[in-house]
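Spelled out from the first residue to the last, the chains are:
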Amino acid sequence: ARSARLMVDSLRSFGGDYQNSPVWVFAARQTEREARRLDSLHDTRMILLDDVESPAAYLFARKVHACAQAEALAECETLVWLNPECLILAPPQYFDLGAEFAAAFRPVHHTNIGSPLNQPPDVFWQGIYRAAGVTEASYAVETFADRQLIRPYFNTHCFAVKRSLGLFTAWQDRFDRLVVDEQFQASACQDIRRKVFLHQAVLSALVMKMVDQKKLHILPETYSYPLHMHHLLPAGKQAERINELVCAVYEDEFRYPETLNGLPAQGRLENWFRTHTGENSA
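Conventions and cut-offs
Residues numbered from 1 in each chain as written. Predicted model: local features only at pLDDT ≥ 70, side-chain atom pairs only at ≥ 80, totals over all residues. Heavy atoms only, no water. Axes fitted to C-alpha atoms, helices over the stretch in contact; angles between N-to-C directions. Helix = DSSP H or I, 4+ residues; strand = E, 2+ residues; numbered from the N terminus. Left-handed = near helix turned anticlockwise from the far one by under 90°. Contact = heavy atoms within 4.5 Å. Expected span 1.5 Å × (residues − 1). Buried < 20%, exposed > 50% of the residue type's maximum accessible area, 1.4 Å probe, protein only. Parallel < 35°, antiparallel > 145°, perpendicular 65-115°, else oblique. Nonpolar A, V, L, I, M, F, W, Y, C, P; charged D, E, K, R; others polar. Core = buried A, V, L, I, M, F, W, Y, C linked by side-chain atoms within 4.5 Å.

A. View of the packing of helix H3 (residues 61-73) against helix H5 (residues 167-179). Axis separation between H3 and H5 bottoms out at 8 Å; the angle between their running directions is 145 degrees. Considering how the two elements wind past one another, H3 and H5 form a crossing that is left-handed. Touching Ala61, Lys63, Val64, His65, Cys67, Ala68 and Glu71 of H3 are Leu167, Phe168, Thr169, Trp171, Gln172, Phe175 and Asp176, all from H5.

Right, here's the structure in full:
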């Protein structure tokens, strides 16, 4: 709840033309009491998640279901997902898809379970492609940190999608099917990393199938910038100051200045961090 409050406060403070965008915060029923505090934030609505019955290893099943639920409830055309551990530090204009784009994503930071372009898809990705209804990747993306060319595999800290695509409904359907597919689980999805990141892989395959490449906006490096990896990023990939970024992401609880990992903040941003995340913050 604290991270979600920081995320909303950052949007209201630094979002520019988008600062008053309505925000829906999806919460599991067991966190309802804590999340209710967010209802007091400007134009923020808390929505209880439909019950999700996925094995504990699938840590991000609720994200999949929240997106599908939002797609069913929303009347606006563009939906933007933000993890609670996101901070909006400048107007996020590239989330505004307009008429030119149908979706906007960042590639993953590291190859991890991704499918290298110079190798055939393994049994894991073959199963996902079958579920998504695609045969082979039609383009490649480059990972941010280790700079490898891989088949489309996108980060899910933050992204924007046109609701009319029906992408999130398809995401929930394919993800839920693969979670209960005993043959796929036994042959391709046994290890914990593949279980944890199955949601990303399924969404990536569906983006490739449902979004024309010309309609896909690959977000710049100032979006979904990983503060928790800042000190590990290679030369030329590290931001020089947080004021350069549009959307920064972190892990665990935000603490200033520790979470910035040596990245300096200046001016209004520094004052906001000290007020909202310092020792004297509420």
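B. View of helix H1 (residues 2-14). For H1, which comprises 13 residues, the first-to-last C-alpha distance of 18 Å matches the rise-based estimate of 18 Å (1.5 Å per residue) to within 8%. With respect to burial, H1 is a largely interior element, 11 of its 13 residues being buried. Among all positions of H1, only Ser3, Ala4, Leu6, Met7, Val8, Asp9, Ser10, Leu11, Arg12, Ser13 and Phe14 are buried. Each element contacted by the buried residues of H1 is listed here: strand E1 (23-27), strand E2 (44-48), strand E3 (78-82), strand E4 (86-88) and helix H9 (267-277). Once H1 finishes, Gly16 follows within two positions and takes phi at roughly 60 degrees, a positive value.

C. A look at the packing of helix H4 (residues 123-132) against helix H8 (residues 198-210). Taken N-terminus to C-terminus, the directions of H4 and H8 make an angle of 50 degrees; their axes are 9 Å apart at the nearest point. Between H4 and H8, the interaxial angle falls into the category oblique. Helix-helix and strand crossings are classified by hand; for H4 and H8 the assignment is right-handed. Along its contact with H4, which presents Phe124, Trp125, Ile128, Tyr129 and Ala132, the element H8 presents Leu198, Ala201, Val202, Ala205, Leu206, Met208 and Lys209. Across the contact of H4 with H8, the residue classes break down as 11 nonpolar, no polar and one charged.

D. Structural view of the nonpolar core. With 51 residues, the main nonpolar core has Phe105, Phe124, Ile128, Phe159, Trp171, Leu198 and Val207 as its most contacted residues. At the level of elements, H3, E3, strand E5 (103-105), H4, strand E8 (158-162), H5 and H8 are the ones that each hand at least two residues to this core. With eight residues, the top contributor of residues to this core is H8. Counting 23 residues, the second-largest nonpolar core is a separate cluster that includes Leu87, Tyr225, Ala239 and Leu245.

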